[in-house]
Amino acid sequence: MENPRTELSGHRVLVGNRGEIAIRIMQACLKLGVAFTAIYTPEDKESTHVSFAREHGGEHGLYMVSSYHDANELMAVADVSGCTAVHPGYGFFAEDFRFARRVVKRDRKMIFLGPSWKIIRELGDKINTKRLARSLGVPTVPGSDRPIYDEMEAENIAEDVFDFQLQQGIDHPLVLIKASAGGGGMGIEEVDDIDQFRSVYRRVRNYAARQFKDEGVLIEQRVTDFNHLEVQIIGDRSGKNQVHFGTRNCSIQSTGRQKRLEVAPGFDPSVNEYNFDANKVLDAITQYSLTMAREVGYDSVGTWEWIVTRQGAPFLMEVNTRIQVENGVSASIARVKGQAGVDLIAEQIRTGLGEPLGYTQQDIEFEGFALEYRLIAEAPENNFTPWVGTIDRFRWKEHPWLSVHTQVPKSPYNIPTEFDPNLALAIVWGKDLGELKERGLVFLKELELQGHNAAGEPMKNNIAFLMEKTPQILKF
Amino acid sequence: MLNISDLLEQIKQNPYREIVVRTPHTGVVNFADIKQGQAVHGPEGQWKERSGTRLATLTRERNPKPIYAPEKGVVDKVYSEYENAFVENATPLVTIRHHLTREEVENIILREALHLFRAPERAKYYFTPEIDAKMKSSDPGSVVIRDGQELFIMSRMKRELPLYYSGPEGVIYAIYFKPSDNVDADAPLIGVCPQEELPNIKEVIMRVQTEWQEN
Amino acid sequence: MDNLFLKRIQSLRDRLSYMQDIFAGKHADSVSLLLQKLDEFTEKVNNDSLTNPYDELVALEDLFKYVEARLDASITPLDKVRIVRHPQRICLRDILENVYDNFTEVGGQDEHSIDPSMVIARAVIIRRRGKKRYTQSVMVIGQEKGHGAEFRNGGSVKPWGNAKARQFMRVAETEGIPVHTYIFTPGSFPIEDYPGAAQQIARNIYCMAGLRVPVVSVISEGGSGGAEAIGLADKRLMLSNGYYSVISPEGAAAIEGHCRGGERPSQELVEKCACNLKLTAEDNLRFGYIDKIIQEPPLGARSYHFDFFRQLRQEILLATDEVVLSAKLSPFKKIGVSHRNKPGVNLDEMYMRWSLTQSAKTRLVKKRQNKFLKLSREAAVDKRPFLTKALHTLDDLVMTPVNEFKYEFYRKHQRKIHAFLEEAENEWDVFRSWLRKPFGKQEEQKVKEAVSSELTSLSTWSDGQRHKRWNYLSPRYKIDQAVTCPNAEIYGCPDLWGPDLFAEFAGVCSNCGHHFPMEPEWYVRNVFDVGTVMEFNEEIEAGNPLEYPNFDKTIRAAQEKTGCKSGCMTFEARIDNIKVVVAMLMGTFRGGSFGAAEGYKFVEAAQRATKNRYPFIAYVHGTAGIRIQEGTNGVIQMPRCTIAVHRYIENGGLYMVLYDTNSFAGPVASFLGCSPYQFAIRSSNIGFAGPGVIKSTTGMDVPPHYHSCYKAMDRGHIQGIWDRRQMRHNLIQALQTIGGRNLYYR
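Residues numbered from 1 in each chain as written. Chains lettered and ligands numbered in written order. Predicted model: local features only at pLDDT ≥ 70, side-chain atom pairs only at ≥ 80, totals over all residues. Heavy atoms only, no water.

1. Description of the interface of chain A and chain B
Now for step 1: On the chain B side, the residues contacting the 33 residues of chain A number 20 residues.
Now for step 2: When the two sides are added together, the surface that chain A and chain B hide from each other amounts to roughly 2,000 Å², 52% of it contributed by carbon and sulfur.
Now for step 3: Interface area lost by chain A to chain B is led by A:Met64, A:Pro386 and A:Thr417, which between them contribute 25%.
Now for step 4: Remark: the boundary between chain A and chain B carries six salt bridges.
Now for step 5: Measuring nitrogen to oxygen at the nearest pair gives 3.1 Å for the salt bridge that ties B:Arg60 to A:Asp70.
Now for step 6: Counting across the interface, chain A meets chain B through eleven residue pairs in polar contact (both at pLDDT 80 or more).
Now for step 7: Of all the secondary-structure elements, those providing two or more residues to the side of chain A that touches chain B are β3 (62-64), α4 (71-81) and β18 (385-386) of chain A.
Now for step 8: Considering each element in turn, the side of chain A that touches chain B owes the most residues, seven residues, to α4(A).
Now for step 9: Looking at the side of chain A that touches chain B residue by residue, the classes come out as 19 nonpolar, five polar and nine charged. (Contact = heavy atoms within 4.5 Å. Buried area = accessible area lost by both parts, 1.4 Å probe. Salt bridge = Lys/Arg side-chain N within 4 Å of Asp/Glu carboxyl O. Polar contact = N/O pair within 3.5 Å; in protein donor to acceptor, adjacent residues only side chain to side chain. Helix = DSSP H or I, 4+ residues; strand = E, 2+ residues; numbered from the N terminus. Nonpolar A, V, L, I, M, F, W, Y, C, P; charged D, E, K, R; others polar.)

What follows is the structure in structure tokens.
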């Protein structure tokens, strides 16, 4: 093969996102020798992603737009700057199959740096995903795998789900009723008593009919005691070479089920005790995920999300057809052909633009443990309420085992209010779980993060929360 | 007590407001036939159903969008260097010198006269559904609020929080925010007038109506 | 000079100013001659220098008469429009006072009335036979222009005025007395407040389509929908200087001249339009839309033309007698009619009873309906081959009795058989479950095992089409272009991408739900069962019955653009296997304007639905109203199509109307608005007159969204609003719930 880099150099990537992920995408582009164009909105003018683009982007490197949510802005900027590809980052358009379709179907076609729109659509539909999984023998949450429209049928299934849980020895069985056309946690209710089922079912059905114009509901077991695991997958445009980059455990979350601390790999049976064979479970979910990825011809980075019960039963939850915030923890423990410094975002861009993967599963090894802290201006003690104000000082001590991704500049910074409140990601590596926890705490202790709000009160953040949680990592 | 005459005099010193018309998003600009010194008008008609003078057309993704003058005034500057160029969001296109209307003057003076309830942080604000329904169904200036009443929903960082009113009991006399826009910390949200002071406010309005000449 | 003398001079002055008004500057020499003579005469009167005042006055009057008669021959259509609108023109009260022998106004005393533009009166006519006097009652209904009195609103009736008219038509029906209507209206007042201009006119027409008493109407000023509101009569008489038109010449000229926002069309254009519209009594008699012309005195009837009132009385009596006679099965019918048509007959001395037997009333209504249904067929271009037409007729002859047997007789007995079978089946089920009882336990165990595997393994799901594909996509989806939602300002909708909007989104804004208009084909292909749509009568083409200048070209252009021969497509189709007949008014064909061809097809479709006992759906993709270039050939479709619908509904049919995009004017004010079930697609507008027309006719500004379907529902004009994407589902649901089990016929 000739030098693949020359093929990439003709490309220009539109960075269709903001904050730290925009920076990481731009860094990956620089690494690959690919030009980029970044965008920003007036609220973000202080963000480091803007100054970074100004510094490294050259001509056509940066444009101010009205919104990150307006696809027309992205397309217009891409056209005027001559972009050949669009990287959506995470959030915004990352899992919007219509956006991906528009990128590739419009008159001036570009490459969407993510899976093909058909895969996004297929795996973005929870019923589709569940049915695909079942058709391949991949375990899913017990319950229906198609929308139920008939009240009698719904009640029968609910009864069965209750009985099933009692058979499994679950003391307080719960049933979930979800609007099948819903998403984002809307139209979901819980029932712990079959006698209440009908009234709740009708409520959800009516809500679904009103909100989604579809009366169908799903009826499932509500799993309560579990760990949240993920399998990192990547495939190239051939749709045939899929490899995994191991597992992650993302069980430490806020009360609103937002991730706060992620660890790779998913379990550590050498230190912690589990009620099940942890390696076997990790292996199983990895293989299940790969099976599905192969079935759909997965051709980009993606994450298979799993829940694993205390008994070690895994259920597939959903597939995230995008690069994830926590991709760095997996990259941190991965070695490709013995080399460290894996960058999954660069891999996504490189393969997305058409380069073959260039290695197989045999070439990938894992070394040590890594965790990621999400540093956020919020009050964990008060229901994780976001804090609004100005950051005056944000400093940390550099270490060879530490990398920090942030859009927060060194100068005082007003936290924009219209986006997620993530300030920074800190990725820490250790050769074993003990060293990892130790280093993690070192980082947090050395960290300086101060600010004030309009009322002059000091900044609230989640450092204490993260410190408190660090000793708990990978414990079920 | 408010000295209306002084305030009015002060405003009369400079009865203008400069309006910068900016692009609402990216696109290619084509100016309408407007020149410096030309008079333009804002939306007209009983329901503002007729749009203002067209200043330019902004084309993005083959979708031409007319840009209209938001208020009556005189064109001060046309940024004609952008003609036929692709511009970023919020690029200035035209500045308009706008003579304050009676209503605007009223508002300026009322801001001095009313109790202003201000935004505690930068966020989007909405009235609670009950208040919103009341505002829609009753006459302006007749919804009474009390200290400690849940009045707003504050929305930022994808989280919504209730916001309680603090201040004197009275009617909501003026609203200074739009639900779709972000409000800066400390910017006023509403102007409240205690019921017993309503006659004074009416007087303020009378004074402005008689003393302010619109051209 | 005595008072009477001065009055006669004043009367001449009035006649002169009238002449000046109606000719609007034309015939200036004649006018100035009269003016000069009159001034000279007045001068002399003032100087007392007349030698023989009375003789000279008579001479002057004769001169006036002579000039008037001479000018009468050169009256143009626009002059007639001015005559009809002149304050000196006779009005309904003049007629009540001079034509009838006595009357009581009902529900009105000058300005104290629910609507002073509409006058209702119970009037009597006294006729003699020999020495005996007979008093005959009639219900007189008509618009009152009141010689220009402002509160009469020029005879422009508000919706509640028309509602009052309908109320008293029903009263007349109850009392069994004839209705005489007098049409003095430039058009109805275009407001939407309940009961709504269009909707109320529709109710009136529907009512008159089946009114079981004789109806005679007299047209002076027949302004489109307002005229039709009281115009569906057994006999329609027209004053010789009247006009009967789809639109005022000014309105036509404003459209023709593309006038916008208060701009006035030129006088020449108005004059031209008045001619082109063929709105005179002669024109309408030729078309067959009126039955007789009543000759007026030169330059038009005014209050002092007592001879004219006498003549009008004779004509009214004759018309009423004829209508009554025609409904009777009397052996003297023919003689009676010819007797009455002899010259010099005085109908006051020929009494005949106006009451009818039940069967005569049925005949009367049927005759009235048939008369209208036959009208205007020549105004459309029927290109169906002879054979098709012949087969059609033959099919009618054979199938009508067959269907009658099928539905009237067989259906009734079929139900009984079904009921018996159902009962037998129930008994068998009970017996069977008793037989199988001993094996019950084993089955239960099997069920348990099946359950756990059912909860964790793939179920069968035949309906697995999660990403529903539309059968038809708007061709606009091929254009890579962003589209701005009209609600963007209010709801902050981002620009939509055309290929998403016009394909997957079915033309619906994903943020606010605004419905962009879609092509008629979208509905044909996406609402009805695939492959079941069968068009009929596509060969009936829109024509140019008035030979309106350049209109042939315009129609041809529309035909080429749309690939359709008219603005109405009629087809049979199935929806969820239910057979239906659909008449679709297409907004893409000349704005969905409705003319003779469209009316022809609509009537045929209604008749087909009647014959086959199918539900009849009027899907209004859009209609701007009656096609003005067809004049009264278009207007007459209002009563015609309403009659067709009336017959269908009275026969037990299920008639549903579904509005989309913009539906206005004539069609809404007749055969659409009369449906008991009217639904609208979101973002549609429904009303009588568009904002521009309202502004130009009433001077009122119309608030935004005045005609939106939500407002229409608030006002009680429609019964529901549907999302386009749910239209198929809603239609099925409506058919099943409104039609019930025996869907098509009650």
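2. Structural notes on the sheet that holds strand β21 (residues 413-414) of chain A
Residues and elements named next belong to chain A.
Now for step 1: Pairing in this open sheet of three strands is antiparallel, and the strands run β21-β19-β23 from one edge to the other. In the strand order of this sheet, the two ends are held by β21 and β23 (448-452), each with one partner.
Now for step 2: Judged from the five bridges that link them, strand β19 (residues 390-395) and β23 form a sheet pairing that is antiparallel. Looking at the pairing, Arg395 lines up with Glu448 of β23. (Pairing = 2+ DSSP bridges.)

3. Notes on the domain arrangement of chain C
Now for step 1: In terms of domains, chain C is made up of domain 1 (3-74), domain 2 (84-374), domain 3 (475-517) and domain 4 (518-739).
Now for step 2: Inter-centroid distance (C-alpha atoms) of domain 1 of chain C to domain 3 of chain C is 69 Å. (Domains from an automatic or database assignment.)

4. Focus: the pattern of salt bridges
Now for step 1: Per the counting criterion, the structure on display carries 87 salt bridges over all chains.
Now for step 2: Taking the shortest distance from any N to any O, the salt bridge between C:Asp79 and C:Lys26 comes out at 2.8 Å. One end of the pair, C:Asp79, is in helix α4 (residues 77-85); the other, C:Lys26, is in the loop between α1 (3-23) and α2 (28-47), with 53 residues separating them in the sequence.
Now for step 3: The exposure class assigned to C:Asp79 is buried, which follows from its relative accessible area of 0%.
Now for step 4: Linking C:Asp348 and C:Arg313 is a salt bridge whose minimum nitrogen-to-oxygen distance equals 2.9 Å. Linking C:Asp348 in the loop between α13 (333-340) and α14 (358-374) with C:Arg313 in helix α12 (residues 306-327), this pair joins segments that are 35 residues apart in sequence.
Now for step 5: Because the salt bridges share partners, they merge into one network encompassing A:Glu230, A:Arg248, A:Lys259, A:Glu262, A:Glu305, A:Glu326, A:Glu372 and A:Arg374. (Buried < 20%, exposed > 50% of the residue type's maximum accessible area, 1.4 Å probe, protein only.)

5. A few points about a positive patch on the surface
Now for step 1: A surface patch of positive charge is lined by A:Lys105, A:Lys109, A:Lys118 and C:Arg469.
Now for step 2: In this fold, C:Arg469 is placed in the loop between α16 (440-456) and β11 (482-483). (Patch = residues over 30% accessible without salt bridge, like charges linked within 9 Å, V, L, I, M, F, W, Y side chains within 5 Å. Areas by Shrake-Rupley, 256 points an atom, 1.4 Å probe, with all protein chains shown as cover. Lys, Arg positive; Asp, Glu negative; His and termini not counted. Charge placed at Lys NZ, Arg CZ, Asp CG, Glu CD.)

6. A few points about empty space enclosed by the protein
Now for step 1: Applying the stated criterion across every chain, the model contains two cavities of 30 Å³ or more.
Now for step 2: By volume, the largest cavity is sized at about 40 Å³.
Now for step 3: A:Arg18, A:Gln407, A:Tyr413, A:Ile415, A:Pro416, A:Asp420, A:Pro421, A:Asn422 and A:Leu423 are the residues that line the largest cavity.
Now for step 4: As for the second largest cavity, its lining consists of C:Ile617, C:Met656, C:Val657, C:Leu658, C:Phe679, C:Trp722 and C:Leu731.
Now for step 5: Examining the composition of the lining of the second largest cavity, we find that three residues originate from one element, strand β20 (residues 655-659) of chain C, more than from any other. (1 Å grid on protein atoms, 1.4 Å probe; cavity = no way out; pocket = protein on both sides within 12 Å on 5 of 7 lines; lining within 4 Å. Points joined across faces, edges and corners; volume = space filled by probe spheres on them.)

7. A look at the environment of B:Glu83
Residue and element names in this part refer to chain B.
Now for step 1: The topology assignment puts Glu83 in the loop between β6 (73-78) and β7 (86-87).
Now for step 2: When the C-alpha positions of Glu83 and Ala32 are compared, they lie 9.8 Å apart, and in sequence the two are 51 residues distant.
Now for step 3: Excluding residues within four positions of it along the chain, Glu83 makes contact with Val29, Asn30 and Phe31.
Now for step 4: Within the structure, Glu83 has its side chain in polar contact with the backbone nitrogen of Phe31 (distance 2.8 Å).

8. What about the pairing of strand β5 (residues 63-68) of chain B?
Residues and elements named next belong to chain B.
Now for step 1: Only one face of β5 is covered, namely the one carrying Asn63, Lys65 and Ile67; the face carrying Pro64, Pro66 and Tyr68 has none of its residues buried.
Now for step 2: Across six bridges, the pairing between strand β4 (residues 54-60) and β5 is antiparallel. In the sheet register, Leu58 faces β5, and the bridge partner there is Lys65.
Now for step 3: Hairpin connection, β4 to β5: the antiparallel pair is bridged by two residues, and Glu61 has positive phi, about 50°.

9. A few points about the packing of helix α5 (residues 97-105) of chain A against helix α6 (residues 117-124) of chain A
Residues and elements named next belong to chain A.
Now for step 1: Packing of α5 against α6 leaves a shortest axis separation of 8 Å and a crossing angle of 170°. Put simply, α5 runs roughly antiparallel to α6. For the pair α5 and α6, contact is made by Phe97, Ala100, Arg101, Val104 and Lys105 and by Trp117, Ile120 and Arg121, respectively.
Now for step 2: Its residues placed into classes, the contact of α5 with α6 shows five nonpolar, no polar and three charged. (Axes fitted to C-alpha atoms, helices over the stretch in contact; angles between N-to-C directions. Parallel < 35°, antiparallel > 145°, perpendicular 65-115°, else oblique.)

10. Some points on the packing of helix α8 (residues 151-167) of chain A against helix α9 (residues 194-212) of chain A
All names here are of chain A.
Now for step 1: One can describe the packing of α8 onto α9 by two numbers: an axis separation of 10 Å at closest approach and a directional angle of 130°. Classified by the angle their axes make, α8 and α9 are oblique. Seen along the crossing, α8 lies across α9 with a hand that is right-handed. On α9, the residues that touch Glu151, Met152, Ala154, Glu155, Ala158, Glu159 and Phe162 of α8 are Ile194, Phe197, Arg198, Tyr201, Arg202 and Arg205.
Now for step 2: Taken together, the residues of the contact of α8 with α9 sort by class into seven nonpolar, no polar and six charged. (Left-handed = near helix turned anticlockwise from the far one by under 90°.)

11. A look at the state of the cysteines
Now for step 1: Per the stated rule, a full pass over the model turns up zero disulfides over all chains.
Now for step 2: Looking at C:Cys512, it has no disulfide partner, and the nearest cysteine sulfur is the one in C:Cys485, 3.5 Å off. (Disulfide = S-S within 2.5 Å.)

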